[in-house]
Amino acid sequence: MGHLSQEKIVTALKEVTQVICKHHPFTLNLQGANTFVTERAPTVLWYRYDMNRLVSLMLTVCFSCGPNPDVNVALQVVRSSLQVRANDTDLVNVEVTYPVDDQGRFLKTKLPGLVFVPGGLLGPADYRWLADALAPRGFVVAIPEQSLRLAFFSIGNGEAARKLLTSSPYDAFVNADNIAIGGHSLGGVVAVKLALKGGFSQLMVQASYADTADYKALESYSKPTLLLAGENDCMASIDRIKAESAKFPTPLALVTVKGVTHYQFTNSDAPDFQKKCDPGISLDDAHATVLSVVTQFLQGRPISPADGIEVEQR
Amino acid sequence: MKVVGFGLLLTATLSQAEPLWSISQGQLRADAHLMLGTRSAGLGFATLRTERDMWAGEAVFDYVSRVVEARAAYTRQLTENRFFTPAFSVGVSALLIPETPGFGIGPHVSLGLSIGPPIFHGELGLASGLEFFTSGSLRLPQRLQAGLRFTYMGFSACLAIRGGVDVVPSSFFVGRGEILLSAGWRL
């Protein structure tokens with residue numbers, strides 16, 4: 001495992017993004033100085049290196065080529081899987097998805113960040129749809145893995161992900177003062193706890209609500225909060241979320257997405273069908289609606305009323 | 001009487017900030033042992049001071065997080081060997097964390113109970129500790145351990161599971177657990 005400068009990373013990314021964007025059915029693996037090009041897709045770049053406190057880095061997958069209307073530059077998206085120290089002694093895997101320019105370079109502007117805590121028995125891969133959609137819109141998304149895939153057993157991992165975004169090389173293009181915390185289901189409960197610890201500019205809770213132990217602390221919480229609920233959610237019912245929303249102070253946006261189930265906030269709604277909890281809309285439509293709401297919130301805009309959602313601003 | 005243990009331990013998740021595996025028991029033995037778990041591997045020894053108390057030490061490498069840990073403890077048997085044999089331990093653990101580099105150290109206490117005859121018995125342990133790091137943070141490891149030990153002709157094998165949490169005042173708690181297989185021999 002050798003050291004790798006940021007310059008070399010950028011060069012490698014540039015090569016990879018160019019290859020991928022021109023020739024989709026390609027796999028390119030970079031292992032040190034060796035390059036392998038094989039047929040059939042999907043993984044792009046593997047590279048491990050040591051860098052200050054960041055222990056090892058595996059850069060993977062480049063996709064989403066082409067110009068983006070929200071950011072005035074042709075963006076591509078890179079996903080990196082890194083290990084960072086958390087809780088002093090632990091190594092935590094964090095998946096970071098971020099935009100690069102059409103030359104594969106880090107953007108020169110400071111971007112807002114999002115640390116997202118997965119729900120119970122779910123991991124970063126289950127929320128790639130969200131990270132992949134937010135990155136081309138100018139967000140840097142970090143999703144930490146959780147011990148035993150239960151966020152409650154490793155609450156500090158979210159804090160480690162935030163520190164990662166404020167460390168080199170991400171500090172060069174992530175606005176440390178504009179990093180939101182979000183979470184789905186059990187991850188939403190943990191996201192509230194992390195928000196209360198401080199260091200995050202916004203709080204987004206999907207299909208979840210606060211731990212009763214946090215009610216008192218929430219009274220003095222003042223950062224913008226989004227509670228996102230699915231109308232057909234069989235695990236975190238809309239009635240429960242609406243009732244629990246009273247525990248959150250203003251400014252608060254409570255948004256109900258019509259027809260959406262618990263797992264439609266993730267990559268797949270198959271668990272909903274297995275539990276005979278049928279969605280009212282397709283997964284793609286659910287993702288499109290959720291993405292629209294999340295993007296508006298993270299951009300600091302009021303959520304616009306639209307078909308398919310019910311918005312309550314407080 | 002001196003015994004040397006030898007250990008091979010298998011399976012599980014996170015360890016660290018913990019007391020010795022070999023002191024979570026009531027029946028004392030002088031031994032050397034090797035250990036292999038799902039996250040860590042190491043070696044240890046135990047030396048009887050009298051028939052009722054012993055010193056023990058372990059050096060463990062967590063091959064997942066690359067942390068090196070040294071542990072030492074003094075154990076006092078609370079009764080003579082019986083079907084139920086309790087023992088009490090006090091000790092200290094020290095951690096070396098690469099990259100930063102970081103260092104952690106702290107005391108721990110534990111209560112062990114052996115259930116059964118020396119040749120084959122169950123072991124239960126309850127441990128609590130305190131640990132300080134050069135980063136300024138503090139954590140309080142709390143552990144519950146259970147194991148089965150088989151001893152024959154001076155050789156022993158033990159399968160143990162340990163789980164619990166590190167209470168971290170600044171960031172709630174962290175779940176821990178590991179399954180370990182050890183084999184050892186009496187000197």
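Residues numbered from 1 in each chain as written. Chains lettered and ligands numbered in written order. Predicted model: local features only at pLDDT ≥ 70, side-chain atom pairs only at ≥ 80, totals over all residues. Heavy atoms only, no water.

Asks: What exactly am I supposed to notice about the overall build of chain A here?
Replies: Helices and strands together make up the secondary structure of chain A, namely eight helices and 14 strands. Put simply, chain A has 314 residues, and 57% of those count as buried. Surface summary for chain A: the accessible area is close to 12,900 Å², and the carbon and sulfur share equals 51%. (Helix = DSSP H or I, 4+ residues; strand = E, 2+ residues; numbered from the N terminus. Buried < 20%, exposed > 50% of the residue type's maximum accessible area, 1.4 Å probe, protein only. Areas by Shrake-Rupley, 256 points an atom, 1.4 Å probe, with all protein chains shown as cover.)

Asks: Sorry, what's going on with the side chain of T75(B) here?
Replies: Residue and element names in this part refer to chain B. Among the structural elements, T75 can be located in strand 4 (residues 67–77). Here T75 falls in the buried class, since its relative accessible area comes to 0%. For T75, the side chain forms a polar contact with the side chain of S89, separated by 2.6 Å. Apart from residues no more than four positions distant in its own chain, T75 is found in contact with I23, L28, R52, D53, M54, A87, F88 and S89. (Polar contact = N/O pair within 3.5 Å; in protein donor to acceptor, adjacent residues only side chain to side chain. Contact = heavy atoms within 4.5 Å.)

Asks: I tried to follow the interface of chain B and chain A on my own but got confused; where do I start?
Replies: It is common to give the size of an interface as the accessible area lost on bringing the parts into contact. Each partner contributes to the interface: chain B provides 23 residues, whereas chain A provides 18 residues. Overall, the association of chain B and chain A removes approximately 1,700 Å² of surface from exposure, summing both partners, and the carbon and sulfur fraction of that is 55%. When the area that chain B buries against chain A is broken down by residue, the three leading residues are E99(B), F172(B) and F173(B), summing to 32%. At the boundary of chain B with chain A, the tally comes to one salt bridge. Of the charged contacts, one joins R176(B) and D90(A) as a salt bridge, the two residues approaching to 2.8 Å between their closest N and O atoms. Put simply, chain B and chain A have seven residue pairs in polar contact (both at pLDDT 80 or more) between them. A per-element tally of the side of chain B that touches chain A places strand 11 (residues 173–186) of chain B first, with four residues. For the side of chain B that touches chain A, the residue count by class is ten nonpolar, nine polar and four charged. (Buried area = accessible area lost by both parts, 1.4 Å probe. Salt bridge = Lys/Arg side-chain N within 4 Å of Asp/Glu carboxyl O. Nonpolar A, V, L, I, M, F, W, Y, C, P; charged D, E, K, R; others polar.)

Asks: I'm lost on the side chain of R162(B) in this one. Help?
Replies: All names here are of chain B. Relative to the helices and strands, R162 resides in strand 10 (residues 155–167). A relative accessible area of 2% places R162 in the buried class. In terms of polar contacts, R162 uses its side chain to reach the side chain of Q145, at 2.9 Å.

Asks: Whenever I open this one, the nonpolar core confuses me. Can you help?
Replies: One broad trend across soluble globular proteins is that nonpolar side chains are buried collectively. All names here are of chain A. The biggest cluster of nonpolar side chains holds 48 residues, and the ones touching the most others in it are V96, Y98, I181 and L203. Setting aside its immediate chain neighbours within four residues, V96 contacts V78, R79, S80, L82, V140, V141, A142, L164, L165 and Y170. In this structure, W129, V141, V290 and V294 belong to the second largest nonpolar core, which totals 32 residues. (Core = buried A, V, L, I, M, F, W, Y, C linked by side-chain atoms within 4.5 Å.)

Asks: Sorry if this is basic, but what is going on with the pattern of salt bridges here?
Replies: If the charged atoms of two oppositely charged side chains come close together, the side chains can form a pair. Evaluation of the coordinates by the stated rule reveals 22 salt bridges over all chains. Residue R162(A) pairs with E159(A) through a salt bridge whose shortest N-O separation is 3.1 Å. One end of the pair is R162(A) and the other is E159(A), both in helix 3 (residues 156–165) and three residues apart, which spans about a single turn. The burial state of R162(A) is the same as that of E159(A); both residues are buried. E58(B) is the partner of R71(B) in a salt bridge, and the nearest nitrogen-oxygen pair spans 3.1 Å.

Asks: Can you walk me through the environment of G199(A) in this structure?
Replies: Note on placement: G199(A) falls in the loop between helix 4 (186–197) and strand 11 (203–206). Separated by 35 residues in sequence, G199(A) and C234(A) have C-alpha atoms that sit 32 Å apart.

Asks: Whenever I open this one, the packing of aromatic side chains confuses me. Can you help?
Replies: When we look at a pair of aromatic rings, we describe it by the centre distance and by the angle of the planes. Residues and elements named next belong to chain A. If you walk through the whole model with that rule in mind, you get nine aromatic pairs over all chains. With a centroid separation of 5.5 Å and an interplanar angle of 45°, the aromatic rings of Y98 and F173 are classed as tilted. Placement of the pair is Y98 in strand 7 (residues 90–100) and F173 in the loop between helix 3 and strand 10 (174–184), with a sequence separation of 75 residues. Accessibility assignment for this pair places Y98 and F173 in one class, buried. (Phe/Tyr/Trp six-rings, centres within 6.5 Å; stacked < 30°, edge-to-face > 60°.)

Asks: Help me understand the confidence of the model for chain A, please; the structure alone is not making it clear to me.
Replies: Interpretation of the predicted coordinates at a detailed level should be avoided for regions scoring low in pLDDT. Looking at chain A, the pLDDT average stands at 80 and 76% of residues meet or exceed 70. Between residues 17–74 of chain A, whose pLDDT stays under 50, and residues either more than four places distant or in other chains, the model counts 149 contacts. (pLDDT = per-residue confidence, 0-100.)

Asks: Any chance you could explain the confidence of the model for chain B here in plain terms?
Replies: Residue and element names in this part refer to chain B. Averaged over chain B, the pLDDT score is 86; the fraction of residues at 70 or greater is 90%. In the predicted structure, residues 1–14 sits below a pLDDT of 50 and forms 88 contacts with residues beyond four places in sequence or in another chain. For this predicted complex, the interface score ipTM comes out at 0.78, while the overall pTM is 0.77.

Asks: Can you walk me through the environment of A59(B) in this structure?
Replies: Within the fold, A59(B) resides in strand 3 (residues 53–62). When the C-alpha atoms of A59(B) and L20(B) are compared, they prove to be 9.3 Å apart, with 39 residues separating the residues in sequence.

Asks: Looking at this structure, I do not really get unusual backbone geometry. What am I missing?
Replies: Among all residues except glycine, the phi angle is most often negative; among peptide bonds, the trans geometry is most common. Residues and elements named next belong to chain A. Going from S168 to P169, the amide bond is cis rather than trans, its omega being 5°. Mapping P169 onto the fold places it in the loop between helix 3 and strand 10. Of note, the bond from T250 into P251 is cis; its omega dihedral lies within 30 degrees of zero at 0°. Within the element layout of this structure, P251 appears in the loop between helix 6 (238–244) and strand 13 (252–257). With a phi angle near 50°, N87 is a residue other than glycine that sits in the positive phi range.

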